[in-house]
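One-letter residues, chain by chain:
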Amino acid sequence: MNVKGVIFDLDGVICFTDEYHYLAWKEMADGMGVYFDREINNRLRGVSRMASLDIILERYSGPALTDAEKESLAAKKNDIYRSLLSRMSPADLSDEVKLTLDALRAKGLKLAIGSSSKNAPFILERIGLAGYFDAISDGNNISRSKPDPEVFLKAAEFLGLAPAECLVVEDAIAGAEAGHAGGFEVACVGDASEAKAGDHNMSCFAQLLEVL
Ligand code: BG6
Ligand code: MG
């Protein structure tokens, strides 16, 4: 591979905020009497906040909700989620991830974030990676969520590289699909790796050093 840049998904790749998403959505869903469990939560991986809410509301059978009501529910979830994120610290960044990132950078690779989350800058700050990446493309600069490739295409553009020069690293199937749709080679960990959704399906993050 003629890789010059690596674009990392954040949640589930660099750090693990799944449980916080689950707890925040669960509190919101319980508050309105809507059934929600971890299996449904798995379907929210890589999906935008409003699209996640639509998935949760598949179990809602009350009167139709207006857009303003949906915005307010998403805002409520986000408030709970951010208060949980505030508990994160640099201790939530594993040595494996940090040492691997440093080793990739030492090889001369450009490193970027490609995340659907609007909270990406806050999470990076909490885990001590604010200012670490060469570019950040996240939920704040896109209008279409994964599996649309927009977030990765923007990340490559911010790095000044073509998709064919970048490797995307993902844990979500929707994210791996987004990478392929954008013309990127994709390396997967977690769920997406188990589903063999990537060109490289890794058992751990450090395996990137064998891929690159
Ligand atoms: C992704 C998560 O990183 O960000 C999704 O995998 C989440 O579960 C999405 O819905 C949007 O996050 P946020 O922080 O903008 O609500
Ligand atoms: Mg993810």
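Below or above, wherever it landed, is the structure these notes cover. (Residues numbered from 1 in each chain as written. Chains lettered and ligands numbered in written order. Predicted model: local features only at pLDDT ≥ 70, side-chain atom pairs only at ≥ 80, totals over all residues. Heavy atoms only, no water.)

### As for the overall build of the chain
In step 1: Within the chain, the secondary structure is distributed over ten helices and six strands.
In step 2: Taken over C-alpha atoms, the radius of gyration comes to 17 Å for the chain, in line with the 17 Å a tight globule of 212 residues would show.
In step 3: If you line up the chain on its principal axes, its C-alpha atoms span 55 × 35 × 30 Å.
In step 4: The burial tally for the chain puts 49% of its 212 residues in the buried class.
In step 5: The long-range fraction of contacts in the chain, counting pairs at least 24 apart against all pairs at least 6 apart in sequence, stands at 61%.
In step 6: Per element, the accessible surface of the chain, about 9600 Å² overall, is 49% carbon and sulfur.
In step 7: Once the 22 positive and 33 negative side-chain charges of the chain are each reduced to a mean point, those two points are 3 Å apart. (Helix = DSSP H or I, 4+ residues; strand = E, 2+ residues; numbered from the N terminus. Rg over C-alpha atoms; globule rule 2.2 N^0.38 Å. Buried < 20%, exposed > 50% of the residue type's maximum accessible area, 1.4 Å probe, protein only. Contact = heavy atoms within 4.5 Å. Areas by Shrake-Rupley, 256 points an atom, 1.4 Å probe, with all protein chains shown as cover. Lys, Arg positive; Asp, Glu negative; His and termini not counted. Charge placed at Lys NZ, Arg CZ, Asp CG, Glu CD.)

### Description of the coordination of the magnesium ion (ligand 2)
In step 1: Around the magnesium ion (ligand 2), the protein contributes the donor atoms Asp9 (OD), Asp11 (O) and Asp171 (OD), at 2.0 to 2.1 Å from the metal centre.
In step 2: Mapped onto the polypeptide sequence, the residues donating to the magnesium ion (ligand 2) form the spacing pattern D-x1-D-x159-D.
In step 3: Using a relative accessible area of 5% as the deciding quantity, one classes aspartate 9 as buried. (Donors = N, O, S within 2.8 Å, 3.2 Å for Na, K, Ca; no water.)

### Quick look at the pairing of strand 2 (residues 110-114)
In step 1: When you tally the buried positions in strand 2, you get four out of five residues, the bulk of the element.
In step 2: Sheet topology note: the strand 1 (residues 5-8)/strand 2 ladder contains four bridges and is parallel. Residue pairing in the sheet places valine 6 in a bridge with leucine 111 of strand 2.
In step 3: Sheet topology places strand 2 next to strand 3 (residues 135-137); three bridges connect them, and they run parallel. Within strand 3, the residue paired with isoleucine 113 across the bridge is isoleucine 136. (Pairing = 2+ DSSP bridges.)

### A short note on the layout of surface pockets
In step 1: Computed from the structure, the largest pocket encloses a volume of approximately 590 Å³.
In step 2: Surrounding the largest pocket, 31 residues form its lining, Val47, Ser48, Arg49, Ser116 and Ser117 being those nearest its centre.
In step 3: Listing elements by their share of the lining of the largest pocket, those giving two or more residues are helix 1 (18-31), helix 3 (49-56) and helix 4 (67-85).
In step 4: Counting residues per element, the lining of the largest pocket draws most heavily on helix 4, at six residues. (1 Å grid on protein atoms, 1.4 Å probe; cavity = no way out; pocket = protein on both sides within 12 Å on 5 of 7 lines; lining within 4 Å. Points joined across faces, edges and corners; volume = space filled by probe spheres on them.)

### Thoughts on the side chain of arginine 45
In step 1: Along the polypeptide, arginine 45 turns up in the loop between helix 2 (38-42) and helix 3.
In step 2: Only 2.7 Å separates the side chain of arginine 45 from the side chain of aspartate 18, close enough to count as a polar contact.
In step 3: A polar atom in the side chain of arginine 45 sits 2.3 Å from the side chain of aspartate 191.
In step 4: Here arginine 45 is in contact with Asp18, Asp171, Ala172, Ala174 and Asp191, once residues within four sequence places are set aside. (Polar contact = N/O pair within 3.5 Å; in protein donor to acceptor, adjacent residues only side chain to side chain.)

### Observations regarding the sheet that holds strand 4 (residues 166-170)
In step 1: Spatially, six strands are ordered 3-2-1-4-5-6 in an open sheet, and the strand pairing comes out parallel. Every interior strand has two partners, whereas the edge strands, strand 3 and strand 6 (200-201), have only one.
In step 2: Helix-sheet contacts for helix 7 (residues 150-159) involve strand 1, strand 2, strand 3 and strand 4, and the interaxial angle to strand 3 is about 160°. (Axes fitted to C-alpha atoms, helices over the stretch in contact; angles between N-to-C directions.)

### Considering the site of ligand 1
In step 1: Around ligand 1 sit 15 residues in total, of which Asp11, Val47, Ser117, Lys118 and Asn119 are the nearest.
In step 2: Contacts to ligand 1 include serine 52, whose side-chain N or O atom sits 3.3 Å from an oxygen atom.
In step 3: Isolated, ligand 1 exposes 390 Å² of accessible area, and the fraction of that covered by the protein chains is 97%.
In step 4: Placement of ligand 1 is best described as lying within the largest pocket.
In step 5: Its residues placed into classes, the shell around ligand 1 shows three nonpolar, eight polar and four charged. (Near = heavy atom within 4 Å. Sits in = over half its atoms within 2 Å of the grid points. Nonpolar A, V, L, I, M, F, W, Y, C, P; charged D, E, K, R; others polar.)

Remember that the coordinates give geometry; whether it matters functionally is a separate question.
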